[in-house]
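Tertiary structure, described
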Amino acid sequence: MARLIEELRKLPGVGAKSAQRLAFHILRSPESDAEALSNAIRALKAQLRLCSVCNNVTDVDPCIYCASPTRSQRTVCIVEEPTNIAAIEKTRGYNGVYHVLHGTLSPLNGIGPEQLRTSNLFSRLDQMDEAILALSPTVEGEATSHWLAGELHRVQSAEHPLRITRIATGVPAGSDIEYADEVTMSRAMEHRREM
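Only a predicted model underlies this, so the values are computations on that prediction, with no experimental measurement involved.

1. Remarks on the overall build of the protein chain
- Within the protein chain, the regular secondary structure consists of eight helices and six strands.
- The order of α-helices and β-strands along the protein chain, N terminus first, is α-α-α-β-β-α-β-α-β-α-β-α-β-α.
- Over its C-alpha atoms the protein chain spans a radius of gyration of 21 Å, topping by over 25% the 16 Å that the globule rule assigns to 195 residues.
- As displayed, the protein chain has an accessible area near 13,000 Å², and 56% of this comes from carbon and sulfur atoms.
- Of the charged side chains in the protein chain, 21 are positive and 24 negative; the average position of the first set lies 5 Å away from that of the second.

Shown next, in the form of structure tokens:
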């Protein structure tokens, strides 16, 4: 039981109490449920991998986005995690490819530039016209965006300049301005556009 609790505590967002509750739930569950859980974990590790081009989680290499003949390979949207791709895909307005960093810079957590998956991004620069930085507007996301933009500017070739853009932030559609905090409102004003 102690070993299972310790393993469950390694999961993000699971503390000691939650791990203990999960372990006792598994203990009380039918044998078939515990077996199904362990099989699902084994299958996940055996069948899924990172795309060699963009680092997205996939069961085929390259992933469906990188292999798609209908997507623009010249526009690359850079995101923090594979789960961010779904949010962008829901818009049905983006037809480029992706690059997943698997995190953001966070010196307090020991995450520096070396821990981000950028080497295969920099090797794609000559095939790119635009890099869209679609990182969260958190302190870590902003720091990562500024660092990455600087690196992209530094390593791009003079013969093939790269357009580097950042997604806009501001007041969400359908919300009331009076409920926007000062940072959100400030960004909305700063990134306003012509009509």
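Right, picking up where we left off after that structure.
2. Structural notes on the pattern of salt bridges
- The full count for this structure, using the stated rule, is eight salt bridges.
- Between Glu 6 and Arg 9 there is a salt bridge whose closest N-O contact spans 3.9 Å. Of this pair, Glu 6 and Arg 9 are both found in helix H1 (residues 2-9), three residues apart, which corresponds to roughly one turn of the helix.
- The closest approach of N and O atoms between Glu 7 and Lys 10, which form a salt bridge, is 3.1 Å.
- Residue Lys 10 is classed as exposed on the basis of its relative accessible area, which comes to 58%.
- Salt bridges linked by common partners bring Glu 142, Arg 166 and Arg 187 together as one network.

3. As for the environment of Gln 127
- Structurally, Gln 127 can be placed in the loop between helix H6 (119-122) and strand S5 (130-133).
- Using a relative accessible area of 44% as the deciding quantity, one classes Gln 127 as partly exposed.
- Linking Gln 127 and Gln 115, residues twelve residues apart in sequence, is a C-alpha distance of 24 Å.
- Not counting residues up to four positions away in its chain, the partners in contact with Gln 127 are Gln 73 and Arg 74.

4. Describing the packing of H1 against helix H2 (residues 16-28)
- It is the contact of H1 with H2, at a shortest axis distance of 8 Å, that shows an interaxial angle of 125 degrees. Of the possible angle classes, the one that applies to H1 and H2 is oblique. Considering only the axes of H1 and H2, their crossing is right-handed. For the pair H1 and H2, the contacting residues are Leu 4, Ile 5, Leu 8 and Arg 9 in the first and Ala 16, Ala 19, Gln 20, Leu 22, Ala 23 and Ile 26 in the second.
- Taken together, the residues of the contact of H1 with H2 sort by class into eight nonpolar, one polar and one charged.

5. Notes on the sheet that holds strand S6 (residues 163-166)
- Sheet architecture is open: four strands sit in the order S4-S3-S5-S6, paired in parallel fashion. Strand pairing shows two members of the sheet lacking a second neighbour, strand S4 (96-100) and S6, which therefore form its edges. On average, adjacent strands in this sheet sit at an angle of 25 degrees to one another, irrespective of strand direction.
- Here S5 runs beside S6; their pairing, made up of four bridges, is parallel. Directly across from Ala 131, in S6, lies its bridge partner Ile 164.

6. Section: helix H7 (residues 139-155)
- An ideal rise of 1.5 Å per residue puts 24 Å on 17 residues; H7 measures up with 24 Å between its terminal C-alpha atoms.
- Considered for burial, the residues of H7 that qualify are Gly 141, Glu 142, Thr 144, Ser 145, Leu 148, Ala 149, Glu 151 and Leu 152.
- The inward-facing, buried residues of H7 contact strand S3 (72-79), H6, S5, S6 and helix H8 (182-190).

7. Concerning the pairing of S3
- Two elements, S3 and S4, share five bridges in a ladder whose sense is parallel. Residue Val 76 lies in a different strand from S4, and its bridge partner there is Val 97.
- In this view, the connection linking S3 to its parallel neighbour S4 by way of helix H5 (residues 83-90) has right-handed handedness.
- Note: S3 against S5, four bridges, orientation parallel. Bridge pairing links Ile 78 to Leu 133 in S5.

Criteria and cut-off values
Residues numbered from 1 in each chain as written. Predicted model: local features only at pLDDT ≥ 70, side-chain atom pairs only at ≥ 80, totals over all residues. Heavy atoms only, no water. Helix = DSSP H or I, 4+ residues; strand = E, 2+ residues; numbered from the N terminus. Rg over C-alpha atoms; globule rule 2.2 N^0.38 Å. Areas by Shrake-Rupley, 256 points an atom, 1.4 Å probe, with all protein chains shown as cover. Lys, Arg positive; Asp, Glu negative; His and termini not counted. Charge placed at Lys NZ, Arg CZ, Asp CG, Glu CD. Salt bridge = Lys/Arg side-chain N within 4 Å of Asp/Glu carboxyl O. Buried < 20%, exposed > 50% of the residue type's maximum accessible area, 1.4 Å probe, protein only. Contact = heavy atoms within 4.5 Å. Axes fitted to C-alpha atoms, helices over the stretch in contact; angles between N-to-C directions. Parallel < 35°, antiparallel > 145°, perpendicular 65-115°, else oblique. Left-handed = near helix turned anticlockwise from the far one by under 90°. Nonpolar A, V, L, I, M, F, W, Y, C, P; charged D, E, K, R; others polar. Pairing = 2+ DSSP bridges. Expected span 1.5 Å × (residues − 1). Right-handed = clockwise from strand over helix to strand, strands pointing away.

Shape is all these values report; function is a separate question.
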